[in-house]
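Structural overview for review
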Amino acid sequence: MGVSRLDIFYRRLLLTKLFIGGWGKPEDFKRLFEFRKVIGDRDKCTGLVPDDYPVFIDKTEEHSDCHIHNGHFISPLVHLVPGILPTEAVKARFQFIVPKQWRKNRPVCIHLAGTGDHFFWRRRTLMARPMVKEAGMASLLLENPYYGVRKPKDQLRSCLKNVSDLFVMGGALILESSVLLRWLEREGYWPLGMTGISMGGYMASLAVTNWPKPIPLIPCLSWSTASSVFTTGVLSKAVNWSELEKQYTINSVYEKEIIQLLEYCGVDSFKMAQEPLSCASTELCERQLLELTLTNKEEAGAQWLQRLGKTKAEDTHVFSMTNTGTSLDALGSFQAREPQWKDKRRILSPSSRGSRLHSEAINFMKGVMDECTHMANFSVPVDPSLIIIVQATMDAYVPRTGVLSLRDIWPGCEVRYLKGGHISAYLFKQNVFRQAIYDAFERFCLKYPKASQ
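Here's a quick rundown of the structure. (Residues numbered from 1 in each chain as written. Predicted model: local features only at pLDDT ≥ 70, side-chain atom pairs only at ≥ 80, totals over all residues. Heavy atoms only, no water.)

Things to note about the environment of Pro130
Position of Pro130 among the secondary structure elements: in helix H4 (residues 121-135). Considering only alpha carbons, one finds Pro130 and Arg434, 304 residues apart in sequence, at a separation of 8.6 Å. The contact partners of Pro130, leaving out residues within four places of it in the chain, are Arg124, Thr125, Arg434 and Tyr438. (Helix = DSSP H or I, 4+ residues; strand = E, 2+ residues; numbered from the N terminus. Contact = heavy atoms within 4.5 Å.)

In structure tokens, the structure reads:
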């Protein structure tokens, strides 16, 4: 399937680099991976966040259609993994937009921020205020760690300094979402749900895997793992690969110790079967996508996606798909066993040391990203039928080729596709995202009426 020209063009306008500090401290990776084993298993998380965890409202603003409550609380990650959060990110801030008049029940949807979504203005203007008007629905906007007031002083705009920062953000947001859901329950709001766009969709999905009750989830423009985003999507061109390659080469801890801690062994992880054609095809596909431009290379990239995945592009504006069996867009033959790291190096047979190091850095990135962001590494939400996923058919930011489908990980969920790319969907299809939220909440109310709660 082809990729959006607008996505590629927009990415070329942004010149800042991601992960300029490198991978992050090896000891931080070890602590995060150990914590992932706990947070990834919903049954192990009982009591991590008390039901009466303190939440504070600092001030309230009155508007013509709603009240906007500004509040804060201390991130539970501070207590569970001490010292891992930057000082600026310890205090979690949120805005709670409540309609002056409820239409039915007191529904609240928590919105997690996408990449570059600092503070609250964007989500409040594009999603929360329209939801008050259209459906009488409240929205709670949580500010991500590393964004807005929670941004470290040495971080440049939205560019996370280290790869490990993304995993710290994810762990914090899972716990912070749990705090807010429990607080909203105490305050008598119902029903409750979660959503997010792009990275916000990933984070909302992770948070819901940890929630012990049925809950509507509407992840928009996200998919099953972040590994493809940073290795084959257009964002991979913004990654500071030279620094990552250098650190991976100099510090043997990443290869000798960190790799051994990776537990995810799914068919789309970096732990691939030792098949020369499969590995070569994967490497070549990555290289093609990393070199995409607005010229004929874009078409070449689309052709590679078509050869290695599904070739038929959907022409429908929006359509739904439920679970219909295995839907993996295979890049070759994979197996779920221990990695043969040295064997894979020999199979790849790079023509130079530089290309070999780049391949190793990409494979290591796949491994750590899958470990901490792949939905198959987390519990299945209590009721996947309450999940409505909205995706773009030509999304160049979130590639779906070669990664496990969410329909396979969450049997019974619904996937709606928009024709177009990531950027065009974000700019022009917010109304479609909101409709998916309304539909998921209505589905929840029909299936779990309040009288039975």
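Continuing now.
Some points on the pairing of strand E1 (residues 56-62)
Remember that side chains alternate between the two faces of the sheet whenever the strand is regular. By the bridge criterion, six bridges tie E1 to strand E2 (residues 66-74) in an arrangement that is antiparallel. When the bridges of E2 are listed, Phe56 appears paired with His72. (Pairing = 2+ DSSP bridges.)

So, the side chain of Glu245
Within the element layout of this structure, Glu245 appears in helix H8 (residues 241-250). We classify Glu245 as buried; its relative accessible area is 16%. Those residues within four positions of Glu245 in sequence are excluded, and the remaining contacts are Leu357, His358 and Ala361. (Buried < 20%, exposed > 50% of the residue type's maximum accessible area, 1.4 Å probe, protein only.)

Some points on helix H1 (residues 5-13)
All buried positions along H1 are accounted for by Asp7, Ile8 and Arg11. One face of H1 carries all of its buried residues, which in axial projection span an arc of 95 degrees. (Arc of directions from axis to C-beta.)

Quick look at unusual backbone geometry
Peptide bonds are, in most cases, trans, and in most cases residues other than glycine have a negative phi. Cis geometry is adopted by the peptide bond preceding Pro191, which originates at Trp190 and carries an omega value of -10 degrees. Within the secondary structure, Pro191 is located in the loop between helix H5 (163-186) and strand E6 (192-197). At Arg157, a position not held by glycine, the phi torsion is positive, near 50 degrees. In this model, Ser198 sits at a positive phi of 60 degrees, which is unusual for a non-glycine residue. In this fold, Ser198 is placed in the loop between E6 and helix H6 (199-209).

Examining the packing of H4 against helix H16 (residues 430-447)
Here H4 crosses H16 at 55 degrees, and the two axes come no closer than 11 Å. Comparing the axis directions of H4 and H16 gives the class oblique. Crossing geometry of H4 relative to H16 is assigned as right-handed. Mapping the contact onto sequence places Leu126, Met127, Pro130, Met131, Glu134 and Ala135 in H4 and Gln430, Phe433, Arg434, Ile437 and Tyr438 in H16. (Axes fitted to C-alpha atoms, helices over the stretch in contact; angles between N-to-C directions. Parallel < 35°, antiparallel > 145°, perpendicular 65-115°, else oblique. Left-handed = near helix turned anticlockwise from the far one by under 90°.)

Thoughts on the packing of aromatic side chains
A full pass over the atoms with the stated rule returns 15 aromatic pairs. Here the aromatic rings of Phe29 and Phe33 are separated by 5.7 Å at their centres, their planes lie at 70 degrees, and the arrangement is edge-to-face. Residue Phe29 and its partner Phe33 are both found in helix H2 (residues 26-39); the two are separated by four residues, about one turn of the helix. Using a relative accessible area of 0% as the deciding quantity, one classes Phe29 as buried. Ring centres of Tyr248 and Phe364 lie 5.2 Å apart, and the angle between their planes is 50 degrees; this geometry places the pair in the tilted category. Of this pair, Tyr248 sits in helix H8 while Phe364 sits in helix H13 (residues 353-373), and the two are 116 residues apart along the sequence. Judged on exposure class, the residue Tyr248 and its partner Phe364 are both buried. By way of ring pairs, the aromatic residues Trp23, Phe29, Phe33, Phe167, Tyr248, Tyr254 and Phe364 are connected into one cluster. Directly above the aromatic system of Tyr189 lies the positively charged group of Arg106, at a separation of 4.0 Å from the ring centroid. (Phe/Tyr/Trp six-rings, centres within 6.5 Å; stacked < 30°, edge-to-face > 60°. Lys NZ or Arg CZ within 6 Å of the ring centre and 35° of its normal.)

Keep in mind these values describe shape, not function.
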